[in-house]
Amino acid sequence: MKYYQRLRDLREDHNLLQKDVALLLQTTQPQYTRYETGERELPMHHFITLAKYYNVSLDYLAGLTDTPKTLDGTPYRINKKI
């Protein structure tokens, strides 16, 4: 899976809008859309911010593995807010 597809999946799993994630990254919604569609490369400092926010490993966020782990190595579970 491409990392930008994973960005969208994680955002949607957490019931967030693109503008919410853009605010977290201190960027604009149109710029974040470019990251999520693969038009622009996501800077490393944004990868780190998102990994911490979603509590997932950088390997998973970058699409290097399909086995989600948290930052401490435990299995990742989605805690959806309803």
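Before reading further, recall that the structure is shown in the block above.
So, how was this worked out
- By convention here, each chain's residues receive numbers from 1 onward along its written sequence.
- Reporting of local features is limited, given that this is a predicted model, to residues whose pLDDT is at least 70; pairs of side-chain atoms are given and counted only at 80 or more, and all residues count toward the totals for whole chains, interfaces and linings.
- Heavy atoms from the whole structure form the basis of all side-chain values; hydrogens and water molecules are not counted.
- Whenever a helix is involved, its axis is fitted only over the stretch in contact; in every case the axis is a line through C-alpha atoms, and angles between N-to-C directions fall within 0 to 180 degrees.
- Elements are defined by DSSP. Helices are runs of H or I of four residues or more, strands are runs of E of two residues or more, and each kind is numbered from the N terminus.
- Note: crossing handedness is left-handed where the near helix turns anticlockwise from the far helix by less than a right angle, and right-handed where it turns clockwise.
- Any two residues whose heavy atoms approach within 4.5 Å are treated as being in contact.
- Charged means Asp, Glu, Lys or Arg here, nonpolar means Ala, Val, Leu, Ile, Met, Phe, Trp, Tyr, Cys or Pro, and polar covers whatever is left, Gly included.
- Should a side-chain nitrogen of Lys or Arg be within 4 Å of a carboxyl oxygen of Asp or Glu, the pair is scored as a salt bridge.
- Classification of residues uses two cut-offs on accessible area relative to the type maximum, computed with a 1.4 Å probe and protein chains only: under 20% is buried, over 50% is exposed, and between them is partly exposed.
- Each polar contact in these results corresponds to two N or O atoms within 3.5 Å; when the atoms are within protein, one needs to be able to donate a hydrogen and the other to accept it, and residues that are neighboring in sequence are counted only if both atoms are side-chain atoms.

Engineer: Run through the packing of helix H2 (residues 18-25) against helix H4 (residues 44-54), naming residues and quoting values.
Structural biologist: Where H2 contacts H4, the axes come no closer than 10 Å and their chain directions differ by 115°. Of the two elements, H2 crosses H4, and the hand of that crossing is right-handed. Across the interface between the two elements, Val21, Leu24 and Leu25 from H2 touch His46, Thr49, Leu50, Tyr53 and Tyr54 from H4. Here the contact of H2 with H4 is built from residues that sort into 6 nonpolar, 2 polar and no charged.

Engineer: I'd like a rundown of the pattern of salt bridges, residues and numbers included.
Structural biologist: Enumeration according to the criterion identifies 3 salt bridges in this entry. One salt bridge connects Arg6 with Asp66, and the closest N-O pair in it is separated by 3.1 Å. Here the residue Arg6 occupies a position in helix H1 (residues 3-13), and Asp66 occupies one in the segment after helix H5 (58-61), the gap between them amounting to 60 residues. A salt bridge links Arg11 to Glu36; the nearest nitrogen and oxygen atoms lie 2.8 Å apart. Placement of the pair is Arg11 in helix H1 and Glu36 in helix H3 (residues 29-37), with a sequence separation of 25 residues. Both residues of the pair, Arg11 and Glu36, belong to the buried class.

Engineer: Before we move on, could you go through the environment of Gly38 and cite the residues and values that matter?
Structural biologist: Tracing the sequence through the fold places Gly38 in the loop between H3 and H4. A C-alpha to C-alpha distance of 21 Å links Gly38 and Lys52, two positions 14 residues apart in sequence.

Engineer: Break down the side chain of Arg6 for me, citing the residues and quoting the values.
Structural biologist: A relative accessible area of 4% means that Arg6 is categorised as buried. Here the side chain of Arg6 touches Asp66 through a polar contact of 3.1 Å, side chain to side chain. Every residue in contact with Arg6, bar those within four places of it in the chain, is listed here: Met1, Tyr60, Leu61, Gly63, Thr65 and Asp66.

Engineer: Mind laying out unusual backbone geometry, listing which residues take part and the relevant values?
Structural biologist: The residue Asn15 is not glycine, and still its phi comes out positive at about 55°. Tracing the chain through its elements places Asn15 in the loop between H1 and H2. According to the relative accessible area criterion, Asn15 is partly exposed, its value standing at 47%. Even without being a glycine, Gln26 presents a positive backbone phi close to 55°. The residue Gln26 is located in the loop between H2 and H3 in this model. Residue Gln26 is classed as exposed on the basis of its relative accessible area, which comes to 76%.

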